[in-house]
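# Structural description and commentary
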Amino acid sequence: MGQSGDAIKAYDEAIRLGSSFLVAYNNRGAAYGAIKQYERAIPDFDRAIELNPKYTEAYCNRGAAFGALKQYDRAIGDFDKAIQLDPKYARAYNNLAWLLATADNPSIRDGRRAVELALKACDLSACQDTYLLDTLAAAYARVGNFAKAIEWQSKAMANPQRALDSDTQVRLKSYREGKAWPAE
């Protein structure tokens, strides 16, 4: 909500008061991630995982941070671990699908697997989360199914906030032009 600095200070204090408060480490890492300080986020996720090796959300968050740093193998490993720990955690399927559909490194992309994962995420969420629909659209575009990509991107944009998002608009335009996003 734009208050990451305040959140980080609050989590610093929570950790100071109780150094085994794994949620504080995870959430402080997420706050660092929100301001793109991924190198500072990862040690917090590491600590949360150290405190609870089955903490699915921390694996998923750390995977997102690794992905942002283009450490794709580590990101994929964390998303796979999150799925292994909680096969009903839609966000882990979604994040891995997004990475496989949109990574800037073409050797990481796997459109077919991205579609499978995105469909699973949507199934787990009853297709109610517009971010998951956006991922499904990107995955379909990656395999060249632009009709489906346009369909799902349009459904994602039924949410007014998503419809106003310039990145979402760029992706829809790209799909209408018969191009995956990002382009090859």
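Here's what I pulled together on the structure shown here. (Residues numbered from 1 in each chain as written. Predicted model: local features only at pLDDT ≥ 70, side-chain atom pairs only at ≥ 80, totals over all residues. Heavy atoms only, no water.)

### Observations regarding the pattern of salt bridges
A complete count under the given rule lists 12 salt bridges for this structure. Of the charged contacts, one joins K70 and D104 as a salt bridge, the two residues approaching to 2.8 Å between their closest N and O atoms. One end of the pair, K70, is in the loop between helix 4 (56-68) and helix 5 (72-85); the other, D104, is in the loop between helix 6 (90-102) and helix 7 (111-125), with 34 residues separating them in the sequence. Notably, a salt bridge pairs K179 with E177, separated by 3.4 Å at the nearest N-O pair. Residue classification places K179 among the partly exposed positions, given a relative accessible area of 43%. On the accessibility criterion, E177 (42% relative accessible area) is partly exposed. Through salt bridges with shared partners, a single network forms among D46, R62 and D78. (Salt bridge = Lys/Arg side-chain N within 4 Å of Asp/Glu carboxyl O. Helix = DSSP H or I, 4+ residues; strand = E, 2+ residues; numbered from the N terminus. Buried < 20%, exposed > 50% of the residue type's maximum accessible area, 1.4 Å probe, protein only.)

### Topic: the packing of aromatic side chains
By the definition in use, this model includes 1 aromatic pair. Look at W98 and W181: their rings are 5.8 Å apart centre to centre, the planes differ by 40 degrees, and that puts the pair in the tilted class. Highlighted residues: W98 in helix 6 and W181 in the segment after helix 11 (166-176), separated in sequence by 83 residues. One cation-aromatic arrangement involves R162 over Y131; the distance from NZ or CZ to the ring centre is 4.0 Å. Stacked on the ring of W181, the Lys or Arg R171 has its end atom at 5.0 Å from the ring centre. (Phe/Tyr/Trp six-rings, centres within 6.5 Å; stacked < 30°, edge-to-face > 60°. Lys NZ or Arg CZ within 6 Å of the ring centre and 35° of its normal.)

### Some points on helix 1 (residues 4-17)
Here helix 1 spans 20 Å end to end across 14 residues, near enough to the 20 Å set by a 1.5 Å rise per residue. Of all the residues in helix 1, the buried ones are S4, I8 and I15. Projected down its long axis, helix 1 shows its buried positions confined to an angular sector of 45 degrees, all on one face. Turned more than 90 degrees away from the buried face of helix 1 sit K9, R16 and L17, all of them exposed. Against helix 2 (22-34) lie the buried residues of helix 1. (Expected span 1.5 Å × (residues − 1). Arc of directions from axis to C-beta. Contact = heavy atoms within 4.5 Å.)

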